[in-house]
Amino acid sequence: MDSSFALLFSSIFIANIVLVQFLGICSFLGVSKNMRNAAGMSAAVAFVMVLSAIVTWLVYHYVLLPLALDYLKTIVFILTIASLVQLVEMFLKKKMPALYKGMGVFLPLITTNCTILGIALLNIQKQYDLWLSVVNAAGTAIGYTLALVVFSCIRERLDQSLVPDAMKDLPVALITASCMSLALMGLAGIH
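Treat the numbers as computed from the prediction; the structure is a model and nothing was measured.

Visitor: Can you walk me through the overall build of the chain in this structure?
Guide: Counting secondary structure elements, the chain contains nine helices and zero strands. When its helices and strands are written in sequence order, the chain yields α-α-α-α-α-α-α-α-α. Taken along the three principal axes of its C-alpha coordinates, the chain extends 60 × 45 × 30 Å. Sorting the 191 residues of the chain into buried and exposed places 40% on the buried side. Contacts in the chain between residues at least 24 apart in sequence constitute 77% of all its contacts with a sequence separation of at least 6. Of the roughly 10,400 Å² that the chain leaves accessible, carbon and sulfur atoms contribute 71%. Taking the average place of the 11 positive charges on the side chains of the chain and the average place of its 8 negative ones, the gap between the two points comes to 10 Å.

What follows is the structure, given as structure tokens:
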């Protein structure tokens, strides 16, 4: 249990997927202009990340390894994640139309979010068992959400602040993101 908590804490703060490992920067910068979009994307990513961590772990250990096809893991994981997103989208459209409509464009965007594939590959690379893979995915999803929501709040405030024209929008956003990244990298010595 200690190792589970340590992994959870580490994946949220110390090895934050966006601010320390620099995966998912496209959605981090693209969807963070307002809080509503950031929250929607975060919820969709969190759900798919945990679900895909379970499915890709099972596919790797019960299909690829026994058939000695582990060298195909990247392409198989991409196809698995894309299929999972499509199944979730069809399920939500049929069974929960309000939630489907609320998620809007975020669900299809997850297929190309590199954090999902990154966690699936990291779980295999670090040889986590199924439980630790789920813990890592959940912690990473929380860390992704935390980074995206905090960043979107800061960007909303920056849009209302007096910022020189040359620094408006993306330049000041990149400076802000780098400061957030430096703050989390200061935790790197904690184990």
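Now that the structure has been shown, we can carry on.
Visitor: I'm lost on a nonpolar patch on the surface in this one. Help?
Guide: Where nonpolar side chains cluster on the molecular surface, the patch consists of F22, I25, L182 and M185 and spans about 370 Å² of accessible area. Structurally, L182 is set in helix α9 (residues 170-185).

Visitor: Explanation requested: α9 in the structure shown.
Guide: Along an α-helix, residues three or four positions apart point the same way, because every turn accommodates 3.6 residues. An ideal rise of 1.5 Å per residue puts 22 Å on 16 residues; α9 measures up with 22 Å between its terminal C-alpha atoms. Taken together, the buried positions of α9 are V172, A173, T176, A177, M180, S181 and L184. Next to the buried residues of α9 lie α1 (2-14), α2 (25-30) and α8 (130-159).

Visitor: Whenever I open this one, the side chain of T115 confuses me. Can you help?
Guide: Along the chain, T115 turns up in helix α7 (residues 114-125). Filtering out sequence-adjacent residues up to four positions away, T115 remains in contact with I17, L23, G24, V45, M49 and Y144.

Visitor: Whenever I open this one, the nonpolar core confuses me. Can you help?
Guide: For soluble globular proteins, the rule of thumb is that nonpolar side chains tend to be buried together. Core analysis: the largest hydrophobic core is formed by 34 residues, its most contacted members being F28, M41, L107 and I110. Broken down by element, the residue count for this core peaks at seven residues, all from helix α3 (residues 35-64). Aside from chain neighbours lying at most four places away, what touches I110 is M41, A44, V45, V48, V85 and I116. Listed in part, the seven residues of the second largest apolar core include V59, L64, A120 and I124.

Visitor: I tried to follow unusual backbone geometry on my own but got confused; where do I start?
Guide: Excluding glycine, residues mostly have negative phi values, and the peptide bonds linking residues are mostly trans. At F22, a residue that is not glycine, the phi angle is positive and equals roughly 60°. Relative to the assigned elements, F22 resides in the loop between α1 and α2. Backbone geometry at Q127 places phi at a positive 55°, although glycine is not the residue there. Considering the arrangement of structural elements, one finds Q127 in the loop between α7 and α8. What makes Q127 exposed here is its relative accessible area of 71%.

Visitor: Before we go on, may I ask you to explain the packing of α8 against α9 in this structure?
Guide: Packed helices, taken two at a time, are described by their axes: the angle between them and the distance between them. Closest axis-to-axis distance for the α8/α9 pair is 11 Å, and the angle between their directions is 140°. As the angle between them shows, α8 and α9 are arranged oblique. α8 and α9 meet at a crossing whose hand is right-handed. Contacts from A147, V150, F151, I154, R155 and L158 of α8 reach α9 at V172, A173, T176, A177 and M180. Residues of the contact of α8 with α9, tallied by class, amount to nine nonpolar, one polar and one charged.

Visitor: Even after reading the chapter, I still don't get the packing of helix α4 (residues 73-95) against α7, so can you show me in this structure?
Guide: Here α4 crosses α7 at 135°, and the two axes come no closer than 10 Å. Relative to α7, the element α4 lies oblique. Every pair of crossing elements has a handedness; the one defined by α4 and α7 is right-handed. Contacts between α4 and α7 involve K73, T74, F77, I78 and I81 on the former and, on the latter, I116, L117, A120, L121 and I124.

Visitor: What exactly am I supposed to notice about the state of the cysteines here?
Guide: Here, disulfide denotes a covalent bond that connects the sulfur atoms of two cysteines. On inspection of all chains with the given rule, the structure shows zero disulfides. In this structure C179 is not part of a disulfide, and its nearest cysteine sulfur, from C153, lies 17 Å away. On the basis of relative accessibility, which here comes to 47%, the residue C179 falls in the partly exposed class.

What counts, and at which threshold
The written sequence of each chain sets the order in which its residues are numbered from 1. With pLDDT at 70 or above as the cut-off, local features in this predicted model cover only qualifying residues; side-chain atom pairs require 80 or more to be listed or tallied, and sums for whole chains, interfaces and linings still use all residues. To get the side-chain values, all heavy atoms of the structure are used, and hydrogens and water are removed first. Only DSSP runs of H or I covering at least 4 residues are called helices, and only runs of E covering at least 2 are called strands; the numbering of each starts at the N terminus. Whether a residue is buried, partly exposed or exposed follows from its accessible area with a 1.4 Å probe, protein chains only, as a fraction of its type maximum: under 20%, in between, or over 50%, in that order. We call two residues in contact when some of their heavy atoms are within 4.5 Å. What sets the accessible areas is the Shrake-Rupley method with a 1.4 Å probe; for residues, cover comes only from the shown protein chains. Positive: Lys, Arg. Negative: Asp, Glu. His and the chain ends are not part of the count. Each charge is placed at NZ for Lys, CZ for Arg, CG for Asp and CD for Glu. Patches draw on residues past 30% relative accessible area with no salt bridge. Two like charges within 9 Å are joined, as are two nonpolar side chains (Val, Leu, Ile, Met, Phe, Trp, Tyr) within 5 Å. The salt bridge definition used is simple: a Lys or Arg side-chain nitrogen within 4 Å of an Asp or Glu carboxyl oxygen. Expected span of a helix, by definition, is 1.5 Å for each gap between consecutive residues, and there is one gap fewer than residues. Take the buried residues of types Ala, Val, Leu, Ile, Met, Phe, Trp, Tyr and Cys, join any two whose side-chain atoms come within 4.5 Å, and each joined set is a nonpolar core. Every axis in this analysis is a line fitted to C-alpha atoms, fitted for helices over the stretch in contact. Angles between the N-to-C directions lie between 0 and 180 degrees. Throughout, the term roughly parallel applies to angles under 35 degrees, roughly antiparallel to angles over 145, roughly perpendicular to angles from 65 to 115, and oblique to all others. Helix crossings are classified by the rotation of the near helix relative to the far one: an anticlockwise turn of less than a right angle makes the crossing left-handed, while a clockwise turn makes it right-handed. For this classification, the nonpolar set comprises Ala, Val, Leu, Ile, Met, Phe, Trp, Tyr, Cys and Pro, the charged set comprises Asp, Glu, Lys and Arg, and every other residue, Gly included, is treated as polar. Counting rule for disulfides: a pair of cysteine sulfur atoms within 2.5 Å.

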